[in-house]
Amino acid sequence: MNGWIRVCATSELLPGEFQVAFDGDTAIAVFNIDGELYAIEDVCTHDGGELAGGPIEGFSVECPRHGAKFDVRTGEALCAPAYLPTAKFPVAVDADAVWTRDDR
Ligand code: FES
């Protein structure tokens, strides 16, 4: 997994849970939604809030600061006050661990 960042063991990211890892200065939030893993930048495009820890409903995570929602599958902003997407990153499972990277 050269160039990838180890997030955690797979056993530490069960359905309904999230983890945050850093690739350099980039905070990446990885979500397990019903057994599928999704990684987006842990930054709300409204005013920089951290998305990890916000309420999750279906495939959306709500920013705890002012309520913008983002699709964890695509990074798309789903409602005001955010209009721009947050970045989406690749996620992989290898050697019983979860991996991601900032591929921009
Ligand atoms: S910082 Fe996320 S909604 Fe304002």
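Below is a short write-up of the structure. Bear in mind the structure is a predicted one, so any value in this text is a computation, not a measurement. Residue positions are counted from 1 within each chain, in the order its sequence is given. Local features in this predicted model are restricted to residues of pLDDT 70 or higher, and side-chain atom pairs are both shown and tallied only at a pLDDT of 80 or more, whereas totals for entire chains, interfaces and linings draw on every residue. Excluded from the side-chain calculation are hydrogens and water; included are all heavy atoms of the structure.

1. So, the sheet that holds strand 9 (residues 91–94)
No. 1: Spatial ordering of the open sheet is given by 1-10-9, a layout of three strands whose pairing is antiparallel. The sheet is open, and its two borders are formed by strand 1 (5–9) and strand 9, each paired with just one other strand. When the angles between neighbouring strand axes are averaged without regard to direction, this sheet yields 30 degrees. At least two bridges found by DSSP between two strands is the condition for calling them paired. We count a stretch as a helix when DSSP gives it H or I for four or more residues in a row; a strand needs E for two or more, and each element gets its number in order from the N terminus. Lines fitted to C-alpha atoms define the axes, with helix axes restricted to the stretch in contact, and inter-axis angles between N-to-C directions lie between 0 and 180 degrees.

2. A word on the side chain of Ser60
No. 1: Inspection of the secondary structure assignment puts Ser60 in strand 6 (residues 60–62).
No. 2: Pairs of residues are marked as contacts when any of their non-hydrogen atoms sit within 4.5 Å. Residues in contact with Ser60, not counting those within four places in the same chain, are Pro55, Lys69, Phe70 and Leu78.

3. Notes on the pairing of strand 4 (residues 36–41)
No. 1: Burial analysis of strand 4 places five of its six residues in the buried class, which makes it a mostly covered element.
No. 2: Summarising the sheet, strand 3 (residues 26–33) and strand 4 pair through six bridges and their orientation is antiparallel. The residue bridging Phe31 from the neighbouring strand is Tyr38, located in strand 4.
No. 3: Hairpin connection between strand 3 and strand 4: a loop of two residues separates the two successive antiparallel strands, and Asp34 in this loop has a positive phi of roughly 55 degrees.
No. 4: As defined by bridge partners, strand 4 adjoins strand 8 (residues 88–89) across two bridges and the pair is classed as antiparallel. From the neighbouring strand, Ile40 faces strand 8, where its bridge partner is Lys88. Only protein chains enter the accessibility calculation, which uses a 1.4 Å probe; a residue is then buried when its area is under 20% of its type maximum, exposed when over 50%, and partly exposed in between.

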